[in-house]
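Structural overview
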Amino acid sequence: MFESLSQRLQNALGALRGKGRLTEADIAQAMREVRLALLEADVNFKVVSRFSIRATERCSAAEVLNSLTPAQNVVKVVLDELTDMLGGQTQTLELAQNKHPNVVMLVGLQGSGKTTACAKLAYLLKSQGKRPLLAACDVYRPAAADQLETLGRELDIPVYRGDGHNPLAIATESLAHATSTMRDVVIVDTAGRLHIDDAMMDEMYQLKVALEPDEILMVIDAMIGQDALNVAHAFAEKVDFDGVILSKMDGDARGGAALSVRETTGKPIKFISMGEKPDSLEPLHPDRLARRILG
Ligand code: GDP
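Residues numbered from 1 in each chain as written. Predicted model: local features only at pLDDT ≥ 70, side-chain atom pairs only at ≥ 80, totals over all residues. Heavy atoms only, no water.

Side note on the nonpolar core
Definition in use: Definition of nonpolar core: a set of buried residues of the types Ala, Val, Leu, Ile, Met, Phe, Trp, Tyr and Cys, connected through side-chain atoms within 4.5 Å. Exposure classes here rest on a 1.4 Å probe applied to the protein chains alone. A residue is buried below 20% of its type maximum, exposed above 50%, and partly exposed in between. Each helix corresponds to a stretch of at least 4 residues labelled H or I by DSSP, and each strand to a stretch of at least 2 residues labelled E; elements are numbered beginning at the N terminus. A contact between two residues is defined here by any heavy atoms of the two lying within 4.5 Å.
Within the largest apolar cluster, 74 residues are counted, with the highest numbers of intra-cluster contacts made by L5, L38, L82, F235, L246 and M249. Sorting elements by how many residues they give to this core places helix α5 (residues 70-85) first, with seven residues. Residues in contact with L82, not counting those within four places in the same chain, are L9, L38, F51, A290, I293 and L294. With 26 residues, the next largest nonpolar core counts L95, I157, V219 and I245 among its residues.

Thoughts on the site of the ligand
Going by this rule: Nearness of a residue to a molecule or strand requires only that one of the residue's heavy atoms be within 4 Å of it. Nitrogen and oxygen atoms within 3.5 Å of one another constitute a polar contact, given that in protein one can donate a hydrogen and the other can accept it, and given that sequence-neighbouring residues count only through two side-chain atoms. Accessible surface area values rest on a Shrake-Rupley calculation with a 1.4 Å probe, where residue burial reflects the displayed protein chains alone.
Neighbouring residues of the ligand: 17 residues in total, closest G111, K114, T115, S273 and E276. The separation between an oxygen atom of the ligand and a polar main-chain atom of K114 is 2.8 Å. Here an oxygen atom of the ligand and a side-chain polar atom of E276 are 2.6 Å apart. If the ligand stood free it would expose 580 Å²; the protein chains cover 80% of that surface.

So, the layout of surface pockets
Just so we agree on the cut-off: Cavity means a closed set of points on a 1 Å grid over the protein atoms alone, one where a 1.4 Å probe fits but cannot get out, pocket means an open set with protein on both sides within 12 Å along at least 5 of 7 lines, and lining means a residue has an atom within 4 Å of a point. Grid points are joined across faces, edges and corners, and a volume is the space filled by probe spheres set on the points.
In this structure, the largest pocket encloses a volume near 300 Å³. Lining of the largest pocket is provided by 19 residues; of these, G111, S112, G113, T116 and K248 occupy positions nearest its centre. Per element, the largest residue contribution to the lining of the largest pocket is five residues, and it comes from helix α6 (residues 114-127). The computed volume of the second largest pocket comes to approximately 150 Å³. Residue lining of the second largest pocket: T92, L93, L95, L121, L124, L125, Q128, K130, F271 and P283, and that is the complete set. It is α6 that provides the largest number of residues to the lining of the second largest pocket, a total of three residues.

Written out as C-alpha cells, the structure reads:
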C-alpha cells in the first residue's frame with residue numbers, strides 16, 4: 001500500500017531540490033503535484049482540498065521562502081500535514097482504571113477483519129500483561145464463533161460463547177464470566193453484515209447500552225476505498241464509536257481512503273493491521289506512517 005503515492009510525492013518534492021530559493025510559483029507547482037498524487041491515491045477530495053490550503057499557506061510563509069534549504073522545509077510541511085491527516089498524536093486504548101472488567105467492543109461490516117482483529121487485540125493486550133476474555137457475539141456468520149475459538153485456542157486466550165444465539169445474553173454473561181475467572185478485559189466480537197441495516201445497528205446500540213464499553217472500535221477494511229468512509233459515517237451516526245482499527249493495510253489498494261478516515265469521521269485511527277498473523281496489529285503512529293509514505 002502507498003507505493004505509488006510515495007513515488008509521486010517523491011517526484012513532486014524532488015523537483016524542488018537544488019533550487020536555491022523558491023518562488024510562489026515553484027510552491028504552487030509542487031502543491032499541484034502533491035494534490036494530484038493524493039487524489040490519484042484515492043484520498044477523499046475534501047481532505048485533499050483542506051490539506052492543500054493548509055500546506056500552501058505554510059509553504060508560502062517567509063521562513064520557507066527565505067530559508068537556506070527551502071526544499072527540505074517544504075518536505076517538512078508535507079510531512080507535518082500528512083501526520084495531522086492521520087490524527088497527529090498516537091492514540092491508545094482508554095481503559096478505565098477502576099473498572100473490572102474493562103470492555104472493548106469491535107464493530108464493522110462482515111469481512112472487514114473484525115473477528116481476527118478481536119483475537120489480535122486480545123493477543124496485544126495479553127503481551128502487555130492483561131488477562132483478556134473474548135466474547136463471541138457475532139451469531140449470524142455461522143463460522144465466526146468457531147473461528148474465534150480456534151484463534152483463542154492458538155493464543156491461549158479463553159472464548160465465551162454462551163448459548164450461541166442471543167448476542168445480548170452472551171455479552172452480559174461474558175462480563176460475569178470474566179469476573180469469576182479473573183479476566184480483566186472482555187473483547188466483544190459483534191455481528192457483521194454485508195451491508196448496514198437497521199437490525200444490525202439496533203443490536204449494536206443495545207449492546208452498547210448493556211455493556212457500557214470503555215471503547216468501541218470500528219474495524220475498517222483499508223482495501224474498500226471510498227466506500228469505507230460512507231460505512232464509517234453510518235456507524236458513527238448510530239453507534240458513535242471511539243476509534244478505528246484499519247485492517248488489511250498490507251494490501252495493494254491505493255490506500256488513500258484509509259488516509260481520509262480520520263478527517264472525515266473525526267475519530268482517531270488507533271490500530272492498523274498489517275497481515276493475518278496474530279501479531280500483525282499495532283498502534284498507529286501517525287508520524288511514522290507519514291514518514292513511510294514520504295519515503
Ligand atoms: P469479519 O467477517 O469482519 O469477522 O472478518 P474476518 O476477521 O473473518 O476476516 C476476513 C478475512 O480477512 C480473513 O481471511 C482474515 O484472515 C483476513 N484479514 C483480516 N485482517 C487482515 C489483514 O490485516 N491483512 C490481511 N492480509 N488479511 C486480513
